[in-house]
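Geometric and topological summary
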Amino acid sequence: MATKHDLILSHIESLQVGEKISVRGIAKTLDVSEGTAYRAIKDAENTGLVSTIQRVGTIRIERKLKKNIEQLTFAEVVRIIDGDVLGGANGLQKDLNKFVIGAMTLEAMQRYVTPGSLMIVGNRLDAQELALKDGAAVLLTGGFDTSQANQELADQLELPILRTSYDTFTVASMINRAMRDQLIKKDILLVGDIYMSLEKTRYLTTADSIKDYRALSEASQHSRYPVVNKNRRVVGIVTAKDVLGKPDTQLIERVMTREPRRVKKEMSVASASHQMIWDGLEVMPVVADDLSLLGIVTRQDVMKAMQLVQRQPQVTDTISDQITGEIQSAEQDFEGNKLAAPQFSFSVTPQMVDELGTISFGVLNEVIANVTKRVMVANNRRNAWIEQVNLHYFHLIQLESQLQLQPQILELGRRSAKLEVNVFIENSLVAKAIVVCQVMERP
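Residues numbered from 1 in each chain as written. Predicted model: local features only at pLDDT ≥ 70, side-chain atom pairs only at ≥ 80, totals over all residues. Heavy atoms only, no water.

Per an unreviewed UniProt entry, the chain goes by the name CBS domain-containing cytosolic protein and belongs to Tetragenococcus muriaticus 3MR10-3.

Listed below in structure tokens is the structure:
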């Protein structure tokens, strides 16, 4: 049963970002004591749910995204294998480059053991010693122990000796999966990676006039600026449209757009691009938790970043890659006639079905999304992202079915596109999808 503390945290997490909370308000809403409410709010602040802002109060904030770890450390290996450390604890933060299974003679083993590697071995004390002297950490499987001498050597060299109760095959599979995941992970690209810092950002204050705007615009050749108050908190944004026809003496505060869309450094670039497309924005202020200005991010910055992510190579296939790798461009229809419009074919393999032996709903969605992206690229809309897929599934699609996908563009604009994708099996319509895309083009 959930405690009052847990209920308060769940309530706070359900609030919209930016909503103000108080100890008294929480206590009254959830019928708890103010002491309980205070402790829960402090806990929420420690976990990044809320933040106390000077002269504003405590508000609900966005959780900061955690970046993927770039390298697999021996400390991560301990967590993955649910193991313990027998020696060399000072080396746990060192990176793991590869692992070697010690199922060979010492002479043969020596060729494969390199600094930064991990030797997976059982109760072979001589192999453990060899690995440590050659700069490799040691992982003992089957719950075996090591010798006092090897333990002291591990401490001296700062190379961990780890132990797990799993067998060698299971451990190797677990570590291989973790290393593979590291290779295919892309770091989440955040606004903080691409934004223009405060030192390079031009902005205006509420005390500035339209004359100040025009002077700044002439000097910088830009037309959009954040507006801050005396505490440098963002309170608005001003554009050329706002000052058109206004006298030079009028204050910026009177003409600016109040409470503009803002982003945090910890927000993903994909989320920022979604907001910019949706609201037709060219510039967004980047703010801290207390809404103080940290810089700006522009439409051009976001576009370049998204293109970079799409071009970033992957070392191995993801589940999405495995699905879409089965999609083939079709040059002929069912009767062998040359097609006037692009069509695609897809074969349903055993890995892509559910417990009933029919195609997984998620797999079919992924296929339709990929076909849509290919059509958008063919129409020179490379900066397109799937926003919504309405899929109607008419007939069960069995294992080893050969699908024909016929996409058709219904609407194509500067900011959005709508497509219809029909799915056939031997001239019979089995599914239909309406796909809505967001399109980001240069202004």
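1. Some thoughts on the overall build of the chain
When you go through the chain residue by residue, the secondary structure sums to 16 helices and 22 strands. Here the chain holds 443 residues, and 42% of them are scored as buried. Long-range contacts, defined here as pairs at least 24 residues apart, represent 55% of the contacts in the chain between residues at least 6 apart. By element, 48% of the accessible surface of the chain is carried by carbon and sulfur atoms, the whole surface being about 24200 Å². (Helix = DSSP H or I, 4+ residues; strand = E, 2+ residues; numbered from the N terminus. Buried < 20%, exposed > 50% of the residue type's maximum accessible area, 1.4 Å probe, protein only. Contact = heavy atoms within 4.5 Å. Areas by Shrake-Rupley, 256 points an atom, 1.4 Å probe, with all protein chains shown as cover.)

2. Here we look at the environment of Glu259
Topologically, Glu259 is positioned in the loop between β13 (257-258) and β14 (263-264). A residue is classified by how much of its surface remains accessible, and Glu259, at 71% relative accessible area, is exposed. Separated by 22 residues in sequence, Glu259 and Ile237 place their C-alpha atoms 8.1 Å apart.

3. Observations concerning the sheet that holds strand β7 (residues 137-140)
The strand order across the open sheet built from 5 strands is β4-β8-β7-β6-β5, with neighbouring strands paired in mixed fashion. Of all the strands in the sheet, just β4 (84-87) and β5 (98-101) have a single pairing partner and so form its edges. Across the sheet, the axes of successive neighbouring strands diverge by a mean angle of 25°, strand direction being ignored. The sheet contact formed by β4 and strand β8 (residues 161-163) spans 3 bridges and is antiparallel. Its bridge partner being in β8, Gly87 is matched across the sheet by Ile161. Together, β6 (117-121), β7 and β8 form the strand contacts of helix α6 (residues 125-133), whose direction differs from that of β7 by roughly 155°. Against the sheet, helix α7 (residues 148-157) makes contact with β4 and β8, and its axis sits at roughly 95° relative to β4, the strand it touches most. (Pairing = 2+ DSSP bridges. Axes fitted to C-alpha atoms, helices over the stretch in contact; angles between N-to-C directions.)

4. Comments concerning the pattern of salt bridges
Where charged atoms of side chains with opposite charge meet at close range, the side chains can pair. Throughout the structure, instances matching the rule amount to 10 salt bridges. For the salt bridge of Asp84 with Arg163, the shortest nitrogen-to-oxygen distance reads 3.0 Å. With Asp84 in strand β4 and Arg163 in strand β8, this residue pair connects regions lying 79 residues apart in the sequence. The exposure class of Asp84 is partly exposed, given its relative accessible area of 31%. Residue Arg163 is classed as partly exposed on the basis of its relative accessible area, which comes to 21%. The partner of Glu420 in a salt bridge is Lys432, and the shortest N-O contact between them spans 3.4 Å. Here Lys432 lies in strand β22 (residues 428-439) and Glu420 lies in strand β21 (residues 416-425), a separation of 12 residues in the sequence. Residue classification places Glu420 among the buried residues on the basis of a relative accessible area of 16%. Bridged by salt links that share partners, the residues Asp84, Asp145 and Arg163 form one connected network. (Salt bridge = Lys/Arg side-chain N within 4 Å of Asp/Glu carboxyl O.)

5. Re unusual backbone geometry
Even without being glycine, Glu158 reaches a positive phi, approximately 55°. Along the chain, Glu158 falls in the loop between α7 and β8. At Gln221, a position not held by glycine, the phi torsion is positive, near 65°. Turning to its location among the elements, Gln221 is positioned in the loop between α10 (210-220) and β11 (225-228).

6. Some remarks on the nonpolar core
Membership of the largest hydrophobic core comes to 30 residues, with the highest contact counts inside it found for Phe346, Ile359, Leu364, Ile368, Ile397, Leu403 and Leu405. In contact with Ile368, other than residues within four places in its own chain, are Leu391, Leu405, Val421, Val423, Ala433 and Val435. Ranked by size, the runner-up nonpolar core spans 18 residues in total, among them Leu72, Phe74, Val77 and Ala137. (Core = buried A, V, L, I, M, F, W, Y, C linked by side-chain atoms within 4.5 Å.)

7. Let's talk about the packing of aromatic side chains
Summed over the entire model, instances satisfying the criterion amount to 2 aromatic pairs. Each ring, one from Tyr213 and one from Tyr225, has its centre 5.6 Å from the other, and the planes form 80°; the classification is edge-to-face. With a gap of 12 residues between them, Tyr213 in helix α10 and Tyr225 in strand β11 connect regions that are remote in the sequence. With a relative accessible area of 3%, Tyr213 lands in the buried category. Pairing Phe361 with Tyr393 gives two aromatic rings, centres 6.3 Å apart and planes at 40°, and the pair type is tilted. With Phe361 in helix α16 (residues 361-378) and Tyr393 in strand β19 (residues 384-393), the pair connects residues that are 32 residues apart, well separated along the chain. (Phe/Tyr/Trp six-rings, centres within 6.5 Å; stacked < 30°, edge-to-face > 60°.)

8. Focus: the sheet that holds strand β1 (residues 20-21)
Pairing within the open sheet is antiparallel, and its 3 strands lie in the order β1-β3-β2. The two strands at the open ends of the sheet, each matched to only one other strand, are β1 and β2 (50-53). Where β1 lies against strand β3 (residues 57-60), 2 bridges are found, and the strand directions are antiparallel. Directly across from Lys20, in β3, lies its bridge partner Ile59.

9. Details of the pairing of β21
Counting buried positions along β21 yields 8 of 10 residues, so the element is predominantly enclosed. Pairing analysis gives 8 bridges linking strand β20 (residues 402-412) to β21, with the strands arranged antiparallel. Looking at β21, one finds that Gln406 is bridged to Asn422. Counted between consecutive antiparallel strands, the loop separating β20 from β21 contains 3 residues. Of the pairings in the sheet, the one linking β21 to β22 comprises 10 bridges and is antiparallel in character.

10. Side note on the environment of Val234
Tracing the backbone shows Val234 in strand β12 (residues 234-238). The spacing of Val234 and Tyr203 is 31 residues in sequence and 9.8 Å in space, taken between C-alpha atoms. In this view, Val234 contacts Val227, Val228, Pro260, Arg262, Pro285, Val287, Leu291 and Leu293; residues no more than four positions away in its chain are not counted.

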